[in-house]
Amino acid sequence: ETGVPGGLFAEYDTNGDNNLDFEEFVRFVSMLDPRVGQEIEINKAFKLFDNDRDGYISREEVKDALVHFGISPTDEDVDMIVSMTDDDSDGRISYTEFRNMLFDAVAPELVAEGSAGRGSPRVPPRFFRQRRR
């Protein structure tokens, strides 16, 4: 017994096994609160950058990720991204700083309350249009 109303549960149990797998659960919870799905996607994106899994994105990890995505950044580009995102000036990007940067770049109105009320500066669109291999 799932405790989830039959009709609602059936809509999200796409494989019909009477259980919610992770993806089905994310869709279900996202329907209740869309921010949950956004946080999961942001977490996945953060992990793409945080290669050493220390909870921070270093300058080298920024560069490696951009190269992986077909962008050839200069050292100045990497420094710009880190300095614009690194709110506490410790030389690395935390999950919260990464999240704030994504919300500001994609949908500033979605920046969660409690993020110091200002968000991070936007990454210039020029950066994402340039240097494709």
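Refer to the structure above for everything that follows.
A short tour of the structure in this document, coming up. (Residues numbered from 1 in each chain as written. Predicted model: local features only at pLDDT ≥ 70, side-chain atom pairs only at ≥ 80, totals over all residues. Heavy atoms only, no water.)

A separate point is the pattern of salt bridges. What the rule picks out here adds up to five salt bridges. A salt bridge links Lys63 to Asp75, with the shortest nitrogen-to-oxygen separation between them at 3.2 Å. Here Asp75 lies in helix 5 (residues 75-85) and Lys63 lies in helix 4 (residues 59-68), a separation of twelve residues in the sequence. (Salt bridge = Lys/Arg side-chain N within 4 Å of Asp/Glu carboxyl O. Helix = DSSP H or I, 4+ residues; strand = E, 2+ residues; numbered from the N terminus.)

Quick look at the nonpolar core now. One broad trend across soluble globular proteins is that nonpolar side chains are buried collectively. By size, the foremost hydrophobic cluster in this structure holds 15 residues, and its most contacted members are Phe49, Ile57, Val62, Leu66, Val82, Ile93 and Phe98. Among the secondary structure elements, those contributing two or more residues to this core are helix 3 (34-49), helix 4, helix 5 and helix 6 (95-106). (Core = buried A, V, L, I, M, F, W, Y, C linked by side-chain atoms within 4.5 Å. Buried < 20%, exposed > 50% of the residue type's maximum accessible area, 1.4 Å probe, protein only.)

Attention now moves to helix 3. For helix 3, spanning 16 residues, the distance from its first C-alpha to its last is 24 Å, which sits close to the expected 22 Å at 1.5 Å a residue. Those residues of helix 3 that fall on the buried side of the exposure criterion are Gly37, Ile42, Phe46 and Phe49. (Expected span 1.5 Å × (residues − 1).)

Tracing the sequence through the fold places Glu61 in helix 4. Salt bridges are absent for the buried Glu61, whose nearest opposite-charge side chain, Arg53, sits at 6.9 Å. A distance of 3.0 Å separates the side chain of Glu61 from the backbone nitrogen of Asn51, its partner in a polar contact. Those residues in contact with Glu61, other than ones at most four positions away along the chain, are Phe49, Asp50, Asn51, Asp52 and Tyr56. (Lys, Arg positive; Asp, Glu negative; His and termini not counted. Polar contact = N/O pair within 3.5 Å; in protein donor to acceptor, adjacent residues only side chain to side chain. Contact = heavy atoms within 4.5 Å.)

Bringing the packing of aromatic side chains into the picture now. Centre-to-centre distance and the angle between the planes together describe a pair of aromatic rings. Applying the stated criterion across every chain yields a total of four aromatic pairs. For the pair Phe49 and Phe69, a centre-to-centre distance of 6.4 Å together with 45 degrees between the ring planes defines the contact as tilted. With Phe49 in helix 3 and Phe69 in the loop between helix 4 and helix 5, the pair connects residues that are 20 residues apart, well separated along the chain. You can call Phe69 partly exposed: its relative accessible area is 38%. An aromatic cluster of at least three residues, connected via ring pairs, comprises Phe46, Phe49, Phe69, Tyr95 and Phe98. In this structure, Arg92 is placed above the aromatic ring of Tyr56, and the distance from its NZ or CZ to the ring centre is 3.4 Å. (Phe/Tyr/Trp six-rings, centres within 6.5 Å; stacked < 30°, edge-to-face > 60°. Lys NZ or Arg CZ within 6 Å of the ring centre and 35° of its normal.)

Moving on: helix 4. Every buried residue of helix 4 is listed here: Glu61, Val62, Ala65 and Leu66. On an axial view of helix 4, the arc spanned by its buried residues comes to 130 degrees, and they lie on one face. Gly70, located one to two residues past helix 4, shows a positive phi value of around 85 degrees. (Arc of directions from axis to C-beta.)

One non-glycine residue, Arg53, lies in positive phi territory at about 55 degrees. Tracing the sequence through the fold places Arg53 in the loop between helix 3 and strand 1 (56-57). In this structure Arg53 comes out as exposed when scored by relative accessible area, which is 53%. Of note in the backbone geometry, Ser89 takes a positive phi value of approximately 55 degrees without being a glycine. Take Ser89: it is sitting in the loop between helix 5 and strand 2 (93-94). Note on Ser89: relative accessible area 64%, which makes it exposed.

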